[in-house]
Structures are given as structure tokens and as C-alpha cells.
Amino acid sequence: MAELTVDMAYGGALYEAAKDIDKIQVILDEGQELLNIFSSEDDLGAFIRFPSIAGADKKQVIGSVFEGKICAELLNFLYILIDKRRFSHFEGIMKVYRRLVEQEEGCIYGKVYSVELLSAERLADVEKQTSELLQKKVKLENELDPKLMGGVRVFVEGKLIDASIKKKFDEMASQIMAN
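Counting starts from 1 at the beginning of each chain's written sequence and moves along it residue by residue. Reporting of local features is limited, given that this is a predicted model, to residues whose pLDDT is at least 70; pairs of side-chain atoms are given and counted only at 80 or more, and all residues count toward the totals for whole chains, interfaces and linings. Neither water nor hydrogens contribute to the side-chain values; these are computed over all heavy atoms in the structure.

## Thoughts on the overall build of the protein
Here is step 1: Looking only at helices and strands, the protein has 8 helices and 4 strands in total.
Here is step 2: When the elements of the protein are put in sequence order from the N terminus, they spell out α-α-α-α-α-α-β-α-β-β-β-α.
Here is step 3: Only the C-alpha atoms count toward the radius of gyration. The rule for a globule is 2.2 Å times the residue count to the power 0.38. At 21 Å, the protein has a C-alpha radius of gyration far larger than the 16 Å of a compact globule built from 179 residues.
Here is step 4: Counting only C-alpha atoms, the protein reaches 80 × 35 × 30 Å along its principal axes.
Here is step 5: Residue exposure (1.4 Å probe, protein chains only): buried if accessible area is under 20% of the type maximum, exposed if over 50%, otherwise partly exposed. In the protein, which comprises 179 residues, the proportion classed as buried is 35%.
Here is step 6: For the protein, contacts bridging at least 24 residues in sequence account for 64% of all contacts bridging at least 6.
Here is step 7: Once the 24 positive and 31 negative side-chain charges of the protein are each reduced to a mean point, those two points are 4 Å apart. Counting from the N terminus, the helices are DSSP H or I runs at least four residues long and the strands are E runs at least two residues long. Residues count as neighbours in contact if any of their non-hydrogen atoms are within 4.5 Å of one another. When charges are counted, neither His nor the chain ends are considered; positive counts come from Lys and Arg and negative counts from Asp and Glu. For the purpose of locating charges, the reference atoms are NZ of Lys, CZ of Arg, CG of Asp and CD of Glu.

Here it is in C-alpha cells:
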């Protein structure tokens, strides 16, 4: 829980600072690129996260690698995370930041439950269909539900969109019983 609070506090602060200097999209794009670099360059990520390396050394390396390649504000934010020993939260902070950007753009969030994880294409299709139905931009997180026989169930803003096979069978049974 404390980690989520740190992510939310720093993510919110980064978002407000980016809004003040009109660099919301720049910081989002560069932050995502940094996440990609830190995950693909294991040595750099391990170096920055290693607790016994002095913060000044970490900042020197980060500065030599990224200065002039990312905006000064994001670089300074990385320095703050190093000084406060919060760099391990960078990924969570960027998730919070991304959500704040998307919320500002009118995006709402929900969950889609399925028997198997949906492919990226299928998830995008379900998001598109849900967005059209609700007339809002929808982002969905896919979770498994082994109780489903097939199909999906979508929960957004307290609403349930049930496109499961069980629901279809229940509807067919109701029609048969009514006849």
C-alpha cells in the first residue's frame, strides 16, 4: 500500500509540473522510452537500483547518458528519485502519470474478464466496441475468470456488459421456456 501511495504522490506531482510547463506529452513519451531503456539495459537498471552505490554516482551516470536527450525537467525528476531513494518506483510513477494524462483526455477505465488472456488486437477491439457503446474512450485491463465458459464480461463505471457464452445460453433458455 505504501508503494502505491509513493507512486500516486510522485506521479501526481510529475503530472502537475508537466502541466504547468506544457510538457505533458513530452514527459509521457520520454518517460515511456526511459522505461524501455531501463528494462532492456539490465546493467543500467541494476546500477541505478543498487542501494549501496552513492546517489551522486548514479546521478553522474544518468546525467552523462541522458543529458540533452530528454527534457531537463524529466532528468531533474530522475535526480530527485535518486536523492529520495525512490527510483525503484519509477515504473509505477509513470503508470500513474499515464493514467492522469488519459483521464484528462476523457478516458475511463474498466476490466474485461475472459477465460484466456486476450491478444493485444482482441483487447483493442473490445476497448473500441465498449468505447462506442458508452460513447467515451475506454481503457480495459484484462483479467482471467476461469468460471467463464467463453466470451467476455466487461465492467466499466459500475456497468456490466456481459458477452459471455453462459449469458447467451441463459437468454436462449429463457426464449425456449417462453415459447
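Resuming the write-up.
## Details of the side chain of His89
Here is step 1: Positionally, His89 belongs in the loop between helix H5 (72-83) and helix H6 (90-104).
Here is step 2: Between N or O atoms, a polar contact is any pair within 3.5 Å; within protein, one atom must be a potential hydrogen donor and the other a potential acceptor, and residues adjacent in sequence are included only when both atoms are from side chains. At 2.9 Å, the side chain of His89 forms a polar contact with the side chain of Asp7.

## Concerning the pairing of strand E4 (residues 159-164)
Here is step 1: By the convention used here, strands pair only if DSSP detects at least 2 bridges between them. Sheet topology note: the strand E3 (residues 151-156)/E4 ladder contains 6 bridges and is antiparallel. Paired with Val154 across the two strands is Ile161, which belongs to E4.
Here is step 2: Adjacent in sequence and paired antiparallel, E3 and E4 are bridged by 2 residues, among which Glu157 carries a positive phi angle near 50°.

## Observations regarding the pairing of strand E2 (residues 137-144)
Here is step 1: Bridging between strand E1 (residues 107-114) and E2 involves 8 bridges; their strand directions are parallel. Bridge assignment links Lys111 to a residue of E2, and that residue is Glu141.
Here is step 2: Assignment of crossover handedness uses the view with strands pointing away from the viewer, where a clockwise path from the first strand over the helix to the second indicates a right-handed crossover. Crossover E1 to E2 through helix H7 (residues 120-134) is right-handed.

## Details of the packing of aromatic side chains
How two aromatic rings sit relative to each other is given by the distance of their centres and the angle of their planes.
Here is step 1: Between 30 and 60 degrees the pair is tilted, below 30 it is stacked and above 60 it is edge-to-face, where a pair is any two Phe, Tyr or Trp rings, Trp via its six-membered ring, whose centres lie within 6.5 Å. Under the criterion given, the structure shown has 7 aromatic pairs.
Here is step 2: Their ring planes at 90° and their centres at 5.2 Å tell us that Phe38 and Phe87 sit as a pair that is edge-to-face. Of this pair, Phe38 sits in helix H2 (residues 24-40) while Phe87 sits in the loop between H5 and H6, and the two are 49 residues apart along the sequence.
Here is step 3: The exposure class of Phe38 is buried, given its relative accessible area of 5%.
Here is step 4: Centre to centre, the rings of Phe87 and Phe90 are 5.8 Å apart; their planes meet at 15°, and the pair counts as stacked.
Here is step 5: Looking at Phe87, the relative accessible area reads 4%, which means it is buried.
Here is step 6: Members of the aromatic cluster, joined through ring pairs, are Phe38, Phe66, Phe87 and Phe90.

## Focus on the side chain of Lys58
Here is step 1: Examined against the element boundaries, Lys58 turns out to sit in helix H4 (residues 55-66).
Here is step 2: The charged side chain of Lys58 is buried without a salt bridge, its nearest counter-charge being Asp57 at 9.3 Å.
Here is step 3: Those residues in contact with Lys58 that lie beyond four places of it in its chain are Phe47, Ile48, Arg49, Phe50, Pro51, Ile53 and Ile82. What makes a salt bridge here is a side-chain nitrogen of Lys or Arg within 4 Å of a carboxyl oxygen of Asp or Glu, nothing more.

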